[in-house]
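What the coordinates show
Here are the chains, one letter per residue:
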Amino acid sequence: MPDCCSCSDVFQYETNKVTRIQSMNYGTLKWFFHVIVFSYVSFALVSDKLYQRKESVISSVHTKVKGIAEVKEEIVENGVKRLVHHVFDTADYTFPLQGNSFFVMTNFLKTEGQEQRLCPEYPTRRTLCSSDRGCKKGWMDPQSKGIQTGRCVVFKGNQKTCEVSAWCPIEAMEEAPRPALLNSAENFTVLIKNNIDFPGHNYTTRNILPGLNITCTFHKTRNPQCPIFRLGDIFRETGDNFSDVAIQGGIMGIEIYWDCNLDRWFHHCRPKYSFRRLDDKTTNVSLYPGYNFRYAKYYKENNVEKRTLIKVFGIRFDILVFGTGGKFDIIQLVVYIGSTLSYFGLTLKYVSFVDESHIRMVNQQLLGRRLQDVKGQEVPRPPVDFTDLSKLPLALHDPPPTPGQPEEMQLLREEVTPRPRDSPVWCQCGSCLPSQLPESHRCLEELCCRKKPGACITTSELFRKLVLSRHILQFLLLYQDPLLALDMDSTNSQLRHCAYRCYTTWRFGSQDMADFAILPSCCRWRIRREFPKSQGQYSGFKSPY
Ligand code: GDP
Ligand code: ZN
Ligand code: ZN
């Protein structure tokens, strides 16, 4: 009967059952996989250096561009065109920029002798006019170069444009010169100084080491550590042509990657340089291709303020420094080993005895010695968090017993609980019972609440109040899920599991430990007697991972 919302569906509890198979094939297969996984885990540990603590690099960059270019400029003087030769040095073609960037001018457009007066706009579709009616006094928009006076005046020949009050003459709407005026900038070189720091590892270094020959030029294979780069070479590395980019300008990324191994024996901390074109080389004319900006040089002539406006095209170099430094760290190694051990059934487990003040950490194989006899490592008990106890007083008084219930329970107990007189040899408290698990896993449950003979923890008042009280357990279950339906049969499992957790949090404190804490046999069976399972075997401890 397919009824997806029936009560029996909701209150189902799934659990694993361990089956042991004696088989040559399965056994071989198991070991085969173990070996594969073990090899992989070891390989990953070494190749990815998972035993290291990694830290990102912090860096500072300083650059110096060098080179001389000769520029042939065409200037118009009194209506006569004339070619002049200009020598450009570093101060002429580099501009200070913010951050890890530098700029090299490769091309420019000059508008000389501008002063504040009235003149016609440069003719475009937007500014052409035929009479004063086409212009509007006081009008300006983001595209215009000045404020319109409302008159339509002659620009040149029979071309008329609106007159503006602006820096005159107005800059012409010209294409960038081809070839680029500073085409020879490809022979410029840049020296990059990069200091780096891994503060967590207390390590600093730089890309230029004291002994480095400073007359070199970077080459990917022949001279990969040289910090001096020829601009043309950078573009060749990314497959671009410097002369093409120089016309409109562009943005180039210089990446410095530090992959540092700071362990003494394998110490290695040298940068790797690579390059990446950062602007979009496919954008068309309407989307403002390249990289350019304007700047002006101001001067006074006959007491009139004048300026030379220069539209500069060039290449912005962005230096991006990234990378990590790793150093051996015992915690990383332990975490990695711990996370892989669980595959082999080798999880860490915690054990606590009433007659000892510390907790024991046991790194025991599933198929090993009985837990009671494993020595383990002593770890201090975490301090009690008393805020957790604050909700307990609410529930600490047991309610009066419900009539009719005890007899029913008694019946169930007799069925599943082995008799106490079977108290095994390893038990020190007299209340433990043999484990129900298959023989190979049995040793995991062979644990008493005591190391030396004495009274059992289950006889204590607190055990009864904190672990066995149905009232408290119900309270805790409802605390997690306020609308939980608590009826007798189906919730016994939940109450039982909740009781296990009450015991482990009580005795182990920290949740990390509680998840891997093993209950002594006496407590386990005392809880199971209180909240029994009506049929089948109990599955016992399962690793949360
Ligand atoms: P089940 O109810 O038939 O599955 O069997 P159990 O009564 O043994 O309960 C199994 C659940 O309790 C699993 O989630 C186990 O991880 C948990 N559990 C059982 N024994 C221990 C233990 O010794 N320590 C911890 N931390 N959890 C346990
Ligand atoms: Zn015992
Ligand atoms: Zn005991």
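Notes on the structure in this doc start here.

Considerations on the coordination of the zinc ion (ligand 2)
Octahedral metals with six donors have ideal donor angles of 90 or 180 degrees. Tetrahedral metals with four donors have an ideal donor angle of 109.5 degrees. Only Cys427 (SG), Cys429 (SG), Cys432 (SG) and Cys448 (SG) from the protein reach the zinc ion (ligand 2) as donors, at distances of 2.1 to 2.5 Å. Metal-centred angles of 97 to 121° between the 4 donor atoms at the zinc ion (ligand 2) mark the site as tetrahedral. Mapping the donors of the zinc ion (ligand 2) onto the primary sequence yields the spacing C-x1-C-x2-C-x15-C. For the pair the zinc ion (ligand 2) and the zinc ion (ligand 3), the metal-to-metal distance amounts to 3.9 Å, and cysteine 429 bridges them. As far as burial versus exposure is concerned, cysteine 427 and cysteine 432 are alike and both buried.

Points about the site of ligand 1
Lining the immediate surroundings of ligand 1 are 20 residues, of which Arg496, Tyr500, Ala517, Lys533 and Ser539 lie closest. At 2.6 Å from a nitrogen atom of ligand 1 is found a main-chain nitrogen or oxygen belonging to alanine 517. Interatomic distance of 2.4 Å between a side-chain N/O atom of serine 539 and an oxygen atom of ligand 1. Protein chains bury 90% of the 570 Å² of accessible surface belonging to ligand 1 in isolation. For the shell around ligand 1, the class distribution of residues is 8 nonpolar, 6 polar and 6 charged.

Details of the packing of aromatic side chains
Tallied over the full model, the rule gives 25 aromatic pairs. Ring geometry for phenylalanine 102 versus phenylalanine 317: centroids 4.8 Å apart, planes at 10°, classification stacked. With phenylalanine 102 in strand β6 (residues 101-120) and phenylalanine 317 in strand β15 (residues 304-328), the pair connects residues that are 215 residues apart, well separated along the chain. Assigned by exposure class, phenylalanine 102 and phenylalanine 317 land together as buried. Arranged with centres 5.8 Å apart and planes meeting at 80°, the rings of phenylalanine 229 and phenylalanine 275 form a pair that is edge-to-face. Of this pair, phenylalanine 229 sits in strand β11 (residues 228-230) while phenylalanine 275 is found in strand β13 (residues 271-277), placing the two residues 46 residues apart along the sequence. Per residue, the accessibility class of phenylalanine 229 equals that of phenylalanine 275, and both read buried. Through a chain of ring-to-ring contacts, the aromatic side chains of Phe95, Phe103, Tyr291, Phe293 and Tyr295 assemble into a single cluster. It is arginine 528 that lies over the ring of tryptophan 525; its NZ or CZ is 4.8 Å from the centre.

Re the coordination of the zinc ion (ligand 3)
Summarising the metal site, the zinc ion (ligand 3) is bound by the protein donors Cys429 (SG), Cys449 (SG), Cys456 (SG) and Cys522 (SG), whose distances to it range over 2.2 to 2.4 Å. Around the zinc ion (ligand 3), the 4 donor atoms are arranged such that angles at the metal cover 101 to 117°; this shape is classified as tetrahedral. The exposure class of cysteine 456 is buried, given its relative accessible area of 5%.

Structural notes on the pattern of salt bridges
Here the structure, examined in full by the defined rule, presents 20 salt bridges. A salt bridge links arginine 117 to glutamate 115; the shortest N-O distance between them is 3.5 Å.

What to know about helix α2 (residues 24-47)
Between the first and last C-alpha of α2 there are 34 Å, a value that for 24 residues agrees with the 34 Å anticipated at 1.5 Å per step. For α2, every residue scored as buried is listed here: His34, Val41, Ala44 and Leu45. One or two steps after α2, the chain reaches lysine 49, where phi turns positive at roughly 50°.

A look at the state of the cysteines
A complete count under the given rule lists 5 disulfides for this structure. Linked covalently through their sulfurs, cysteine 129 and cysteine 152 form a disulfide whose S-S length is 1.9 Å. In this structure, the disulfide formed by cysteine 129 and cysteine 152 twists by about 100° around the S-S bond and is classed as right-handed. In this pair, cysteine 129 sits in the loop between β6 and β7 (147-156) while cysteine 152 sits in strand β7, placing the two residues 23 residues apart along the sequence. Judged by its relative accessible area of 9%, cysteine 152 falls in the buried class. The residue that forms a disulfide with cysteine 260 is cysteine 269, at a sulfur-sulfur distance of 2.0 Å. Given an S-S torsion of about 70°, the disulfide between cysteine 260 and cysteine 269 has right-handed geometry. Given a relative accessible area of 3%, cysteine 260 falls into the buried group. Taken in N- to C-terminal order, the disulfide-linked cysteines of the protein are connected 1-6, 2-4, 3-5, 7-8, 9-10.

Cut-offs and rules
The numbering scheme is per chain: residues are counted from 1 as the chain's sequence reads. To label them, take the chains in the order written and letter them from A, then take the ligands in the order written and number them from 1. With the structure being a predicted model, the display of local features is reserved for residues of pLDDT at least 70 and the display and counting of side-chain atom pairs for 80 or more, all residues being used for whole-chain, interface and lining totals. Water and hydrogen atoms play no part in the side-chain values, which are based on all heavy atoms of the structure. As a rule, N, O and S atoms within 2.8 Å of a metal are its donors, except that Na, K and Ca use 3.2 Å; water is not among the atoms, so sites may look incomplete. Here the metal geometry follows the donor angles, with tetrahedral for four donors whose angles all fall between 85 and 135 degrees, square planar for four and octahedral for six when opposite donors are more than 155 degrees apart and every other angle is between 65 and 115, and irregular for all the rest. To sort residues, take the accessible area from a 1.4 Å probe on protein chains only and compare it with the maximum for the residue type: under 20% means buried, over 50% means exposed, and anything in between is partly exposed. Neighbouring residues are identified by heavy atoms, a residue being near a molecule or strand if any of them is within 4 Å of it. Counting of polar contacts relies on pairs of N or O atoms within 3.5 Å, with two restrictions inside protein: one atom must be capable of donating a hydrogen and the other of accepting it, and residues adjacent in sequence are counted only when both atoms are side-chain atoms. Using the Shrake-Rupley algorithm and a 1.4 Å probe, accessible areas are obtained, with residue cover drawn only from the displayed protein chains. Here the term charged refers only to Asp, Glu, Lys and Arg, the term nonpolar to Ala, Val, Leu, Ile, Met, Phe, Trp, Tyr, Cys and Pro, and the term polar to all other amino acids, Gly among them. Centres within 6.5 Å are what make two rings of Phe, Tyr or Trp a pair, Trp counting through its six-membered ring; a difference in plane orientation under 30 degrees is then read as stacked, over 60 as edge-to-face, and the rest as tilted. A run of H or I in DSSP becomes a helix once it reaches four residues, and a run of E becomes a strand once it reaches two; helices and strands are each numbered from the N terminus. The rule for a charge over a ring is simple: NZ of Lys or CZ of Arg within 6 Å of the ring centre, and within 35 degrees of the ring normal. Think of a salt bridge as a Lys or Arg side-chain nitrogen and an Asp or Glu carboxyl oxygen that are within 4 Å of each other. Working rule for helices: expected span equals 1.5 Å times residues minus one. The term disulfide is used for any two cysteine sulfur atoms that are within 2.5 Å.

Read these as geometric descriptors, not functional statements.
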